[in-house]
Structures are given as C-alpha cells and as structure tokens.
Amino acid sequence: MPARTEGKNQRVVASGVTTAQAVAFAANGLEGRYAIALYDLAAEQRQLDTVLDEGGALARLIDESAPLRTVLEDRRLDILVSRKAVLAVLEAQGFGQILRNFVGVVADNRRLPVLRRILGALDALAVARRGEVVAEVSSAVALTPEQRAQLQVRLAEAGYSRINIRERVDSTLLGGLVVRVGAKLYDASLKTRLFRLHYAMKGAA
C-alpha cells in the first residue's frame, strides 16, 4: 500500500448514501463520469475505503512528481510507453489492483492527461455522498496534533461538527493559518496581517 502521511481527520471515507444532488455535481464532465465508474466499481468490490485512500495518495504523488506529470501530460509520447511507465510507477508504489486496472483503462482511452482531475472528481464525489463539509487549511508549517485538535473544536463551535480537514503547507504564509470552508474564508496568516499593517501605516503617514 502507498505510504500515508496524513492523520485520520484528513482521510475521506465515503458511505453508500447517495443523493441526486451529489451525483449530479460529481458527474459534471468527463472527469466526473470516470470518477463515478471507479467509485461504483470499488463499492461493488467492497474496496471503497481502500480505493479512495489510494486515489488521494496517487493525486499527491502526481502533484509532487514533475517527471510523472510529464509522462501523463505529454501527448507526444507513445500511448503504450506512457501506459507502461505509469503502471510501473503504481506497482512500485504498492497501489492495488483495482486502481491499477482503472488507470490502465484511462490510458487505453488516451485520457492520462486528465487523470489528476479524475482523482479530484473522485474525492469530490466521496465527500458529497458522505454529506461532509470540507475545511481547506493552509499553514506555514505542518499543524501539530494539538493545533489540529484546537482547530476542530473551533470549527465545531462555528457549527461545523461534521467536517473533513484538508491540510496544506504553504511557506509563503510565513505563519498563522488560512481556513476556507465553502465560500467562507478566514485568513489569519502572518503574510496577510503584515500586508494590512503596511497599508495601515501608509494611510497614517
């Protein structure tokens, strides 16, 4: 199995509960149709939690690996070469048979350039079917367990008791947090505070 770096509260586990609104949202476009096909197959094989976990791990691997993105996105490469190279990476990283077979189908259909978006649609589908709210949290350094627990308490106090926290490290923030829940944004980063201080001092000059 691929290495996991996130905590429990970052893991998306989908239930079998489906709403028409969730399906319509996730099925928007080619990526959504592929995502639904993989989701339903994994559920049928009783491997849904595993496939969702692996889908997230593969998305992170694509984000972090420029050579892998090149293989996926360069349409000049022979499809058989790209397919073989990507599946070799998946096997070496310990991804399961269902996900490897799915990526093989994506390659056969010449859709490797949109694989990352398909994985994003899969994640969105899982969240929608579970009925969760996602909080996207950016911080200058990785949160400690204590900070994560405090954040969950504050979000619960704000009415978000059933929430899934997604964490991302962004060193440009310098310090503090940026939390986005749907359309709502709470920016307590040091970068933003310094920016506001700069303009306040200009106004006072």
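A few points on the structure.

About the criteria used
Residues numbered from 1 in each chain as written. Predicted model: local features only at pLDDT ≥ 70, side-chain atom pairs only at ≥ 80, totals over all residues. Heavy atoms only, no water. Patch = residues over 30% accessible without salt bridge, like charges linked within 9 Å, V, L, I, M, F, W, Y side chains within 5 Å. Areas by Shrake-Rupley, 256 points an atom, 1.4 Å probe, with all protein chains shown as cover. Salt bridge = Lys/Arg side-chain N within 4 Å of Asp/Glu carboxyl O. Helix = DSSP H or I, 4+ residues; strand = E, 2+ residues; numbered from the N terminus. Buried < 20%, exposed > 50% of the residue type's maximum accessible area, 1.4 Å probe, protein only. Pairing = 2+ DSSP bridges. Axes fitted to C-alpha atoms, helices over the stretch in contact; angles between N-to-C directions. 1 Å grid on protein atoms, 1.4 Å probe; cavity = no way out; pocket = protein on both sides within 12 Å on 5 of 7 lines; lining within 4 Å. Points joined across faces, edges and corners; volume = space filled by probe spheres on them. Expected span 1.5 Å × (residues − 1). Arc of directions from axis to C-beta.

### Some words on a nonpolar patch on the surface
Then comes step 1: Among the surface-exposed residues, Leu 174, Leu 190, Leu 194, Leu 197 and Met 201 lie close enough to one another that they form a single nonpolar patch of about 470 Å² accessible area.
Then comes step 2: For Met 201, the position within the fold is in helix α9 (residues 190-204).
Then comes step 3: Given a relative accessible area of 55%, Met 201 falls into the exposed group.

### Side note on the sheet that holds strand β1 (residues 133-139)
Then comes step 1: Read across the sheet, 4 strands follow the order β2-β1-β3-β4 without closing on themselves; strand pairing throughout is mixed. Edge strands, defined here as strands with exactly one partner in the open sheet, are β2 (163-169) and β4 (184-187). Neighbour to neighbour, the strand axes of the sheet diverge by 15° on average, direction disregarded.
Then comes step 2: Across 4 bridges, the pairing between strand β3 (residues 177-181) and β4 is antiparallel. Across the sheet, residue Val 178 finds its bridge partner in β4, namely Asp 187.

### Looking at the layout of surface pockets
Then comes step 1: Space inside the second largest pocket adds up to approximately 540 Å³.
Then comes step 2: Taken together, 22 residues make up the lining of the second largest pocket; nearest its centre are Leu 151, Arg 154, Leu 177, Val 179 and Tyr 186.
Then comes step 3: Of all elements in the fold, only α8 (145-157), β3 and β4 reach the threshold of two or more residues within the lining of the second largest pocket.
Then comes step 4: Looking at the lining of the second largest pocket, the element that brings in the most residues is α8, giving 5 residues.

### Some thoughts on α8
Then comes step 1: Here α8 contains 13 residues, and its C-alpha end-to-end distance of 19 Å stays within 8% of the 18 Å for a straight helix at 1.5 Å per residue.
Then comes step 2: By the burial criterion, the buried members of α8 are Arg 148, Leu 151 and Leu 155. The buried residues of α8 occupy an angular sector of 60° when projected down its axis, which confines them to one face. Seen from the open side of α8, the exposed residues pointing more than 90 degrees away from its buried face are Glu 146, Gln 150, Arg 154 and Glu 157.

Remember that the coordinates give geometry; whether it matters functionally is a separate question.
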